[in-house]
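Secondary and tertiary structure notes
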Amino acid sequence: MGDLKLGLAQGYWGAAPNPNFVEMAQEAERLGYDSVWSAEAWGNDAFTPLCWIGAQTKKIKLGTAVVQLSGRTPTSCAMHALSLDLLSEGRFSLGLGVSGPQVVEGWYGRPFPKPLARTREYIDIIRQVFARQGPVTNAGPHYPLPYLGADGTGLGKALKPITHPLRSKIPIFMGAEGPKNVALAVEIADGWIPLFYNPYDESVYEASLKNMRPDFEINQMVSVNITDDIAAGLLAVKYYLSFYVGGMGAKTANFHKDLFCRMGYEEEANRIQQLFLEDRRDEAALVIPDELADALALIGPKDRIKERLQIWRDSKVTTLLVATTDKQQLRDMAELIL
């Protein structure tokens, strides 16, 4: 692969935004980071923080990692994207994903089934808006445009966006975990944002990525902790991983757990989920093997991380999204890669 780029992963907020999130983005820009990415779950949205950052930076790229399909209609999402791309003078990339049934049906009140078909329609409509070659239409069942349902007025009209997009092809990234969803990203998107990626064993995604184009990008978020206390650093990663495996999804539908099973950790994933259901989260975190936490993150002294970065350089990943709220960690990673 080519040179590994660096991005800053800011994630979604907890009870409040990180108070220095703009300063972090400004520091990343100063250091030569390529991009900064914002996320959403069921609290903050992903676009607004990027507007705040974009107004106070000049060149760092701005990306959503990721916005949830069910939170907006395709044309609404496209309006957000083209507006932010215009205001930032062409710095925006749209990362989007389907989320999961608990969020889609519990938070947005929308049905979850047929996520692949919904994603295909959604992206096609967005690309029509960006291209601005004519009125935007869609004959598919998920996002019909214009709407011609029996409960409508019948007065819907296919419309062409009033605003002229700065670019007709704003980059679109897909957040995806399942094999078919990753393959769909390769087919219809410009890039892919995995949640977890093991550069030491890329076989789990090999079939899905077999038709990957040379310019297809893979942006992987990685927890970074430059520290002499490797055990403590890995423990924090274990808590993060176990939360996704055990708590981010229903017992019968957890895509993160399914991925860990495909990675070869089915026994551990089942145990973690059971412990979470029993509200034994501390025990669940300890089930994550050291080698897995170590493979999915960058933990340890500078020399150790510098050595382990080589496997990322040799992987299919094109941008490493550094997950940290510490400016010194940003500087250290820039020193090691840039």
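Residues numbered from 1 in each chain as written. Predicted model: local features only at pLDDT ≥ 70, side-chain atom pairs only at ≥ 80, totals over all residues. Heavy atoms only, no water.

**A look at the overall build of the chain**
What counts is decided by this rule: By definition, any uninterrupted DSSP run of H or I lasting at least four residues is a helix, any uninterrupted run of E lasting at least two residues is a strand, and each is numbered from the N terminus. We take the radius of gyration over the C-alpha atoms and set the globule estimate at 2.2 Å times the residue count to the 0.38 power. We call a residue buried when its accessible area falls under 20% of the maximum for its residue type, exposed when it is over 50%, and partly exposed in between, using a 1.4 Å probe and counting protein chains only. Working rule for contacts: check all heavy atoms of both residues, and any pair within 4.5 Å makes them a contact.
Scanning the chain for helices and strands turns up 13 helices and 10 strands. The C-alpha radius of gyration computed for the chain amounts to 20 Å, which stays within 12% of the reference 20 Å derived for 338 residues, consistent with globular compactness. Dimensions of the chain along its principal axes, counting C-alpha atoms only, are 65 × 45 × 40 Å. By the burial criterion, 49% of the 338 residues in the chain qualify as buried. Intrachain contacts of the chain at a sequence separation of at least 6 include 74% that bridge at least 24 residues.

**Notes on the packing of helix H3 (residues 74–87) against helix H5 (residues 115–131)**
The condition is simple: In this analysis an axis means a line fitted to C-alpha atoms, helices contributing only their contacting stretch, and an angle means the value between N-to-C directions, from 0 to 180 degrees. Roughly parallel means an angle under 35 degrees; roughly antiparallel, over 145; roughly perpendicular, 65 to 115; everything else is oblique. Note on convention: near helix rotated counterclockwise from far helix by under a right angle means a left-handed crossing. Clockwise means right-handed. Only Asp, Glu, Lys and Arg are considered charged, only Ala, Val, Leu, Ile, Met, Phe, Trp, Tyr, Cys and Pro nonpolar, and every remaining residue, Gly among them, polar.
For the pair H3 and H5, interaxial distance at closest approach is 9 Å and the crossing angle is 45°. In terms of axis orientation, H3 runs oblique to H5. As H3 packs across H5, the resulting crossing turns out to be right-handed. Residues Pro-74, Thr-75, Cys-77, Ala-78, Ala-81 and Leu-82 of H3 form the contact with H5, whose own contacting residues are Tyr-122, Ile-125, Ile-126, Val-129 and Phe-130. Across the contact of H3 with H5, the residue classes break down as 10 nonpolar, 1 polar and no charged.

**Some thoughts on the nonpolar core**
Test applied: Grouping buried Ala, Val, Leu, Ile, Met, Phe, Trp, Tyr and Cys residues that are joined through side-chain atoms within 4.5 Å yields what is termed a nonpolar core.
In this structure, Trp-192, Leu-320 and Met-333 are the most contacted members of the largest nonpolar core, which totals 91 residues. No other element matches H5, which puts 6 residues into this core. Val-66, Phe-173, Ile-193 and Leu-321 belong to the second-largest nonpolar core, a separate cluster that totals 6 residues.

**As for empty space enclosed by the protein**
Going by this rule: Residues are said to line a cavity or pocket when one of their atoms sits within 4 Å of a point; the points come from a 1 Å grid over protein atoms alone, cavities being sets where a 1.4 Å probe fits but cannot get out and pockets being open sets with protein on both sides within 12 Å along at least five of seven lines. Grid points are joined across faces, edges and corners, and a volume is the space filled by probe spheres set on the points.
Applying the stated criterion to the full structure yields 1 cavity of 30 Å³ or more. Of the pockets and cavities examined, the largest cavity occupies roughly 80 Å³. Those elements giving two or more residues to the lining of the largest cavity turn out to be strand S8 (217–226) and helix H7 (230–247). No other element matches S8, which puts 4 residues into the lining of the largest cavity.

**Focus: the environment of Pro-111**
Mapped onto the elements of the fold, Pro-111 is located in the loop between helix H4 (101–106) and H5. Between the alpha carbons of Pro-111 and Pro-289 there is a distance of 36 Å; along the sequence they are 178 residues apart. The residues contacting Pro-111, other than those within four sequence positions of it, are Val-104, Glu-105 and Arg-118.

**Some points on helix H9 (residues 266–277)**
Rules: How far a helix is expected to stretch is found by multiplying one less than its residue total by 1.5 Å. Arc, as used here, means the arc of the directions from the helix axis to the C-beta atoms.
Taking 1.5 Å of rise per residue, the 12 residues of H9 would be expected to cover 16 Å, and the 17 Å separating its terminal C-alpha atoms lies within 8% of that figure. Among the residues of H9, Ala-269, Ile-272, Gln-273, Leu-275 and Phe-276 are the ones counted as buried. Down the axis of H9, the buried set is contained in an arc of 165°. They therefore lie on one face. Relative to its buried face, H9 has exposed residues pointing more than 90 degrees away, namely Glu-267 and Leu-277. Packed against the buried residues of H9 are H7, helix H8 (255–262) and helix H10 (281–287).

**Description of a nonpolar patch on the surface**
For clarity, the threshold we go by: Each patch is built from residues that are more than 30% exposed by relative accessible area and take part in no salt bridge. Like charges join if they lie within 9 Å; nonpolar side chains (Val, Leu, Ile, Met, Phe, Trp, Tyr) join within 5 Å. Only the protein chains shown count as cover for residues, and all accessible areas are computed by the Shrake-Rupley method using a 1.4 Å probe. We define a salt bridge as a side-chain nitrogen of Lys or Arg found within 4 Å of a carboxyl oxygen belonging to Asp or Glu.
On the surface, Leu-235, Tyr-239 and Leu-286 cluster together to form a nonpolar patch covering roughly 280 Å² of accessible area. On the secondary structure map, Leu-235 appears in helix H7.

**With respect to the environment of Leu-320**
Inspection of the secondary structure assignment puts Leu-320 in strand S10 (residues 319–323). Using a relative accessible area of 1% as the deciding quantity, one classes Leu-320 as buried. Residues Leu-320 and Ala-131 lie 189 residues apart in sequence; the distance between their C-alpha atoms is 30 Å. With residues up to four places along the chain from it excluded, the contact list for Leu-320 reads Leu-4, Lys-5, Leu-6, Gly-7, Gln-220, Val-222, Leu-298, Leu-309, Trp-312, Met-333 and Ile-337.

**Thoughts on the side chain of Thr-57**
This is how the line gets drawn: Definition of a polar contact: a pair of N or O atoms within 3.5 Å, with one able to donate and the other able to accept a hydrogen when the atoms are protein atoms, and with sequence-neighbouring residues admitted only if both atoms are side-chain atoms.
Within the secondary structure, Thr-57 sits in the loop between helix H2 (47–54) and strand S3 (61–64). Separated by 2.9 Å, the side chain of Thr-57 and the backbone oxygen of Ile-53 make a polar contact. A distance of 2.9 Å separates a polar atom in the side chain of Thr-57 from a polar atom in the side chain of Arg-91.

**Details of unusual backbone geometry**
Where the residue is not glycine, phi is negative for most of them; where a peptide bond is considered, it is trans in most cases. The omega torsion of the bond from Ala-65 to Val-66 falls at 0°, within 30 degrees of zero and hence cis. Mapped onto the fold, Val-66 is located in the loop between S3 and strand S4 (67–68). Its identity is not glycine, yet Lys-114 carries a phi of approximately 60°, on the positive side. Note on placement: Lys-114 falls in the loop between H4 and H5. With relative accessibility at 59%, the residue Lys-114 sits in the exposed group.

**Here we look at the pattern of salt bridges**
In the structure shown here, the tally under the stated rule is 17 salt bridges. Between Glu-187 and Arg-120 there is a salt bridge, and its shortest N-O distance comes to 3.0 Å. Of this pair, Glu-187 sits in helix H6 (residues 179–188) while Arg-120 is found in helix H5, placing the two residues 67 residues apart along the sequence. We classify Arg-120 as partly exposed; its relative accessible area is 38%. Between Lys-238 and Asp-290 there is a salt bridge whose closest N-O contact spans 2.4 Å. One end of the pair, Lys-238, is in helix H7; the other, Asp-290, is in helix H11 (residues 290–296), and 52 residues separate them in sequence. On the basis of relative accessibility, which here comes to 9%, the residue Lys-238 falls in the buried class. Looking at Asp-290, the relative accessible area reads 43%, which means it is partly exposed. Counted as one network, the salt bridges with shared partners bring together Glu-27, Arg-30 and Arg-331.

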